[in-house]
Amino acid sequence: MNILDKIRNEQVKAERHEFNVGDTIRIHVKIVEGDTERIQQFQGTVIARHGKGIEETFTVRRVQAGQGVERVFPINSPRIDKIEVVRRGDVRRAKLYYLRDKVGKAARVKEMRTK
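Okay, so let's go over this structure. In this text, all values refer to a predicted model and were calculated from it rather than measured experimentally. Every chain is numbered on its own, with residues counted from 1 as its sequence reads. Selection of residues for local features in this predicted model requires a pLDDT of at least 70, selection of side-chain atom pairs for listing and counting requires 80 or more, and totals for whole chains, interfaces and linings are taken over all residues. Based on all heavy atoms of the structure, the side-chain values leave hydrogens and waters out of the count.

1. Considerations on the packing of aromatic side chains
Only the six-membered ring of Trp is used, alongside the rings of Phe and Tyr, when aromatic pairs are assigned; centres must lie within 6.5 Å, and planes under 30 degrees apart are stacked while those over 60 apart are edge-to-face, with the rest tilted. Under the definition given, this model contains three aromatic pairs. Here a set of aromatic residues connected by ring pairs shows up, and it is made of Phe19, Phe42, Phe58 and Phe73. Two conditions define a charge sitting above a ring: the NZ of Lys or the CZ of Arg must be within 6 Å of the ring centre, and it must be within 35 degrees of the ring normal. Here the guanidinium or amino end of Arg49 rests over the ring plane of Phe19, the centre of that ring lying 4.4 Å away.

Encoded structure:
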């Protein structure tokens with residue numbers, strides 16, 4: 001193992017986030033404003049996951065005031081306080097980019113049924 005792999009392994013968070021593409025999640029993000037720090041929530045549907053290890057990211061989309069807003073978060077970012085799964089989605093694709101063209105009810109993802 002070279003020195004870059006050692007540094008990467010030190011930076012990876014120990015906790016595993018159990019969410020998939022199609023899930024609706026709530027991310028608690030730390031926001032720094034001057035000297036103060038606060039927690040802001042961002043809730044939306046996960047439309048993509050990229051990478052692995054320290055470089056792993058996920059894209060979350062929500063519609064706010066009639067405009068689609070997407071944010072890309074690194075999973076191992078120190079700015080992420082916690083991630084909650086609000087509901088599980090039932091999808092058949094790895095990337096849900098088609099949701100960008102959908103409006104209203106058509107943009108919803110089916111909820112996964114538990115047995």
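So, next bit.
2. Concerning the side chain of Ser77
Under the DSSP-based scheme used, a helix requires at least four consecutive residues in state H or I and a strand at least two consecutive residues in state E, with every element numbered from the N terminus. Relative to the helices and strands, Ser77 resides in the loop between strand 4 (67-74) and strand 5 (80-87). Engagement of the side chain of Ser77 in a polar contact is seen with the backbone nitrogen of Arg79, the distance being 3.1 Å. Counting of polar contacts relies on pairs of N or O atoms within 3.5 Å, with two restrictions inside protein: one atom must be capable of donating a hydrogen and the other of accepting it, and residues adjacent in sequence are counted only when both atoms are side-chain atoms.

3. Here's the deal with the nonpolar core
The definition of a nonpolar core used throughout is a set of buried Ala, Val, Leu, Ile, Met, Phe, Trp, Tyr and Cys residues joined through side-chain atoms within 4.5 Å. Type-normalised accessible area, obtained with a 1.4 Å probe on protein chains alone, sets the label of each residue: buried when under 20%, exposed when over 50%, and partly exposed for intermediate values. Core analysis: the biggest nonpolar cluster contains 13 residues, and Phe19, Ile25, Ile27, Phe58, Val60, Phe73 and Ile83 have the highest contact counts within it. Every element with two or more residues in this core is listed here: strand 1 (24-33), strand 2 (36-50), strand 3 (57-64) and strand 5. If one sorts the elements of this core by residue count, strand 1 sits on top with four residues. For Phe58, the residues in contact, after removing those within four places along its chain, are Phe19, Ile25, Ile27, Ala48, Arg49, Arg71, Val72, Phe73, Ile75, Ile80 and Ile83. Contacts between residues were defined by any pair of non-hydrogen atoms, one from each residue, lying within 4.5 Å.

4. What to know about the pairing of strand 2
The side chains of a regular strand alternate between the sheet's two faces. Of the pairings in the sheet, the one linking strand 1 to strand 2 comprises 10 bridges and is antiparallel in character. Note on strand 2: the bridge partner recorded for Val32 is Glu37. Joining the antiparallel neighbours strand 1 and strand 2 is a turn of two residues, in which Gly34 adopts a positive phi near 70°. The rule for pairing is simple: two strands pair if DSSP sees at least two bridges between them. Pairing analysis gives five bridges linking strand 2 to strand 3, with the strands arranged antiparallel. Note on strand 3: the bridge partner recorded for His50 is Thr57. Where strand 2 folds back on strand 3, the antiparallel hairpin that results is connected by six residues, among which Gly51 adopts a positive phi of roughly 75°.

None of the figures reported here should be taken as evidence of function without further support.
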